[in-house]
Amino acid sequence: MPSEFHQPRPVNARLVTKTSFPHPKQAIALLLALWHATGKPASLEYGVSVGTGLALDESQLDELHEFFESNSAISPERSDVEKWVAQNPLLAAQLESLNAAFELIWHLGSFSFADKGLNRSAERTGGKRFPKAVDFTSNLDIIDACVERDMSAYVSVLLNWISDGGWQADSAMEDSLVKALAAFAEVSFYKTGKGDDNIVYTPHNVYDQFSHGDERVDLTAPGQERQGPTRIFAALVKDSLNPYLASAGQSVAMSQATTPETLRAYSRRAETAIGLSRLEVAVRESAVADTPVEADDSLPRNLIMFGAPGTGKSHDLDLRAKANFPGEGRITRVTFHPEYTYSQFVGAYKPWVEPDEDPKKSLAQQFRDSKITYRYEFGPFMETYVRAMLHPSVTYVLLIEELNRANPAAAFGDIFQLLDRDATGASKYPVATPSDMRGELWKRLYESTFMPEGDETLHRYSKEDATAAAKQLSLPPNMYIWATMNSADQGVFPMDTAFKRRWSFEYMDINHGYEVIRDFDVVLGEDGHVVNWDDLRRKINELLLDDCKVNEDKLLGPFFIAPEALDDPDTFAKAFKDKVLLYLCEDAAKMKKPNLFKGCDRKTITYSYVCGEFDVRGEEIFGLSLAEE
């Protein structure tokens, strides 16, 4: 049997970081040459520290020279190879820049430090470079398959790029390699500048502008500085690594060798590749079906996900629902709040304007002569119930966000009895349908008889069947009810034991999903020192637990601040003050501020004071010092 697939961690797109990567050709060539020279491994550690810089060790230089020598009619001297690679970006660039280029754009590999104890931002300050490790992708095998018939021509291109034009390249092979790299880079993303007003785009969005008649395309919005991958995009165009584009000052133009027709067709293929690359792989079997499926007995019918704020409960529940209930109309979502009632959740008679549609009357007369009547309106619970009854072979889920922000027992009323399920997933104990609801339920079920042909999943109720089904309510096995709750929130309602025991509870660990944010570093204080966000979050949680003695459900989850706010220093500082500090001052540590804000004057621990101190001193307001060297 195959081993089980495990969903990889999401990749941070780093769209608005300060990352840059000049001379990408040199780095690509050295990466490819090292892979070939060392036997095409799955991963490779390279580099030794020399002062504050990085150099290839002697054995890897020997392997590199031997690879060139064995695949070239005229080979370079070893000393030339050593000189060419000395300042190669693969050795000189920061780790973040390498990953922006090779992980996000060309998808050739993922870089880390050979010393796994180093933080991924260790090279951001100080100018020191550390030995690296790279995990290669199968894109290198694609390149290998394209070039293996003429390794001499291929090596001439690598030498030309590594030497920055100091070696004669085979032009046909170079064209082929550039086209392959451009195809890899089509599934890459860029942004026209910081802020929500700026847009994210891909290379095919640039090509489209030429199809519309533009002669030049700006990669950034007016007045915006190029950021992150956009800087690298401009560098790769300047380095002739996209055969369809040419550098034109601060803009790009269509290359002279490209025709609009050729570019239009290629752009369509690139767009299709992007669409396929966004495929979401669901691990659960029920998630891979395109068509209605039988109820999955492995899924809990009644589920409550609970945990501290920022643990991603809603996000995780949403992903799980979309994976297990694909297709239109199978997910209904509602958010409870303190004023939410049974009549909104289940249903009630509500006023209804019955318009006067006499064509002889003016609109004003029709409006004046309209009648106010009452009719029974189903809430989200009954809407989901009816869909499940009409399509018994299709599964449906009702998602309830913030379940205990309303009074759950009051919102559910007598239907909470239906939450007791038997082995099939149906309600153990039906309840009589309220008389005011019965007529509307009968009508909705009986209407199925008159619905158009073609829906193979529709169960058509005769008048007699609809009458019988409308007499009592009983949850069918294909109706699921999933909810989120946070017992630590202020103003939440308690749930009694009878209500709780009808649910399956799933706890979201305080560090659930931390892999998404573990590599985010943030800039703090007036001196601009760098701190890892996950380290700071965990240290604050330790203070809350050990010194403030708060419960675990009051701690900070990984997504208390959205990942999008972590890339930009100004955005992060505002989010930290508006979300984290406000929550700590007004809720989690309200009565224990001196125990938490150890770096502040105990007599003046107000929210505004703490915010001001944070702007100046960063994490030192907690008595912490986490700045990375």
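Rules of the game
- Residues numbered from 1 in each chain as written.
- Predicted model: local features only at pLDDT ≥ 70, side-chain atom pairs only at ≥ 80, totals over all residues.
- Heavy atoms only, no water.
- Helix = DSSP H or I, 4+ residues; strand = E, 2+ residues; numbered from the N terminus.
- Contact = heavy atoms within 4.5 Å.
- Areas by Shrake-Rupley, 256 points an atom, 1.4 Å probe, with all protein chains shown as cover.
- Lys, Arg positive; Asp, Glu negative; His and termini not counted.
- Charge placed at Lys NZ, Arg CZ, Asp CG, Glu CD.
- Salt bridge = Lys/Arg side-chain N within 4 Å of Asp/Glu carboxyl O.
- Buried < 20%, exposed > 50% of the residue type's maximum accessible area, 1.4 Å probe, protein only.
- Pairing = 2+ DSSP bridges.
- Core = buried A, V, L, I, M, F, W, Y, C linked by side-chain atoms within 4.5 Å.
- Arc of directions from axis to C-beta.
- pLDDT = per-residue confidence, 0-100.
- Axes fitted to C-alpha atoms, helices over the stretch in contact; angles between N-to-C directions.
- Disulfide = S-S within 2.5 Å.
- Patch = residues over 30% accessible without salt bridge, like charges linked within 9 Å, V, L, I, M, F, W, Y side chains within 5 Å.
- Phe/Tyr/Trp six-rings, centres within 6.5 Å; stacked < 30°, edge-to-face > 60°.
- Lys NZ or Arg CZ within 6 Å of the ring centre and 35° of its normal.

**Structural notes on the overall build of the protein chain**
- Helices and strands together make up the secondary structure of the protein chain, namely 23 helices and 21 strands.
- With the C-alpha coordinates aligned to their principal axes, the bounding extent of the protein chain is approximately 95 × 70 × 65 Å.
- Long-range pairs, those at least 24 residues apart, make up 71% of the contacts in the protein chain with a sequence separation of at least 6.
- Approximately 30,600 Å² of the protein chain is accessible, and the part contributed by carbon and sulfur atoms is 51%.
- On the protein chain, the mean spot of the 67 positive side-chain charges and the mean spot of the 95 negative ones are 6 Å from each other.

**Quick notes on the pattern of salt bridges**
- Considering all chains together, one arrives at 25 salt bridges under this definition.
- In this structure, Glu82 engages Arg78 in a salt bridge whose closest nitrogen and oxygen atoms are separated by 3.7 Å. Of this pair, Glu82 and Arg78 both sit in helix 3 (residues 78-86), separated by four residues, roughly a single helical turn.
- By relative accessible area, Glu82 is classed as partly exposed at 37%.
- What makes Arg78 partly exposed here is its relative accessible area of 23%.
- The salt bridge involving Lys554 is made with Asp587; its shortest N-O contact spans 2.5 Å.

**Examining the pairing of strand 21 (residues 529-532)**
- The two faces of strand 21 match: His529 and Val531 on one face and Val530 and Asn532 on the other face are all buried.
- Between strand 20 (residues 521-524) and the antiparallel strand that follows it, strand 21, lie four residues; Gly525 among them carries a positive phi value of about 70 degrees.

**Points about the side chain of Gln26**
- Here Gln26 is to be found in helix 1 (residues 24-37).
- What makes Gln26 buried here is its relative accessible area of 11%.
- Those residues in contact with Gln26, other than ones at most four positions away along the chain, are Asn88, Pro89, Trp161, Ile162 and Asp164.

**Looking at the nonpolar core**
- Counting 78 residues, the largest nonpolar core has Leu64, Phe68, Phe102, Trp106, Leu108 and Leu181 as the members making the most contacts within it.
- Leaving out residues up to four positions away in the same chain, Leu108 has contacts with Ile28, Leu31, Phe102, Asp135, Phe136, Thr137, Asn139, Leu140, Ile143, Leu181 and Phe184.
- If you look at the next biggest cluster of nonpolar residues, it comprises 45 residues, including Phe378, Tyr446, Leu475 and Met485.

**Focus on helix 23 (residues 607-617)**
- Within helix 23 the residues assigned to the buried category are Val610, Cys611, Glu613 and Phe614. The arc that holds the buried residues of helix 23, viewed along the axis, is 165 degrees, so those residues lie on one side.
- Two residues or fewer past helix 23, Gly618 is found with a positive phi of approximately 65 degrees.

**Brief notes about the confidence of the model for the protein chain**
- Within the protein chain, residue pLDDT values average 86, and 91% of them lie at 70 or more.
- Under a pLDDT of 50 for its full length, residues 279-295 has, in the predicted model, 33 contacts with residues more than four places off or in other chains.

**Digging into the sheet that holds strand 12 (residues 331-335)**
- If you trace the five strands from one edge of the open sheet to the other, you get 12-15-18-11-19, paired in parallel fashion. The open sheet is flanked by strand 12 and strand 19 (504-508), the only strands paired with a single partner. Looking at each pair of strands side by side, their axes are set apart by 20 degrees on average, direction ignored.
- Pairing analysis gives five bridges linking strand 12 to strand 15 (residues 396-401), with the strands arranged parallel. Residue pairing for strand 15: Val334 is matched across the bridge by Ile400.
- Of the strands in this sheet, strand 12, strand 15 and strand 18 (479-485) are in contact with helix 15 (residues 380-390), which crosses strand 15 at around 165 degrees.

**A look at the environment of Pro558**
- Here Pro558 is to be found in the loop between helix 20 (533-546) and helix 21 (569-588).
- Along the backbone, Pro558 and Val516 are 42 residues apart, and their C-alpha atoms lie at a distance of 8.3 Å.
- Beyond its immediate sequence surroundings of up to four residues, Pro558 is in contact with Gly310, Thr311, Ile510, Asn511, His512, Gly513, Tyr514, Ile517, Trp533 and Arg537.

**Let's talk about the state of the cysteines**
- Considering all chains together, one arrives at zero disulfides under this definition.
- In this structure Cys611 is not part of a disulfide, and its nearest cysteine sulfur, from Cys585, lies 6.9 Å away.

**Regarding a negative patch on the surface**
- On the surface, Glu63, Glu66, Glu69 and Glu77 cluster together to form a negatively charged patch.
- Along the chain, the position of Glu69 falls in helix 2 (residues 58-70).

**Topic: a nonpolar patch on the surface**
- Residues Tyr349, Val353, Ile372 and Tyr374 make up a contiguous nonpolar surface patch of about 460 Å² in total accessible area.
- At the level of elements, strand 13 (347-354) and strand 14 (371-378) are the ones that each hand at least two residues to the nonpolar patch.
- The residue Tyr349 is located in strand 13 in this model.

**Some words on the packing of aromatic side chains**
- One pass over the structure, following the stated rule, counts 38 aromatic pairs.
- Between Tyr190 and Phe233 the ring centres are 4.5 Å apart and the planes differ by 20 degrees, which places this aromatic pair in the stacked class. Of this pair, Tyr190 sits in strand 6 (residues 190-191) while Phe233 is found in helix 10 (residues 228-238), placing the two residues 43 residues apart along the sequence.
- Its relative accessible area of 1% is what places Phe233 among the buried residues.
- Across the ring face of Tyr514, the terminal group of Arg538 is positioned such that the distance to the ring centre comes to 4.9 Å.

**Observations concerning the sheet that holds strand 5 (residues 132-136)**
- On the basis of which strands lie adjacent, the open sheet formed by three strands has the order 1-5-4 and antiparallel pairing. Taken across any chain shown, the strands that pair with only one partner, and hence form the sheet edges, are strand 1 (43-46) and strand 4 (109-113). Neighbour to neighbour, the strand axes of the sheet diverge by 20 degrees on average, direction disregarded.
- As paired strands, strand 1 and strand 5 are joined by four bridges and run antiparallel to one another. In the strand pairing of strand 5, Ser43 is matched with Asp135.

**Details of the environment of Ser97**
- If you trace the backbone, Ser97 turns up in helix 5 (residues 95-102).
- On the basis of relative accessible area, Ser97 is assigned to the buried category, the value being 7%.
- Sequence spacing of Ser97 and Asp164 is 67 residues, and the spatial spacing of their C-alpha atoms is 20 Å.

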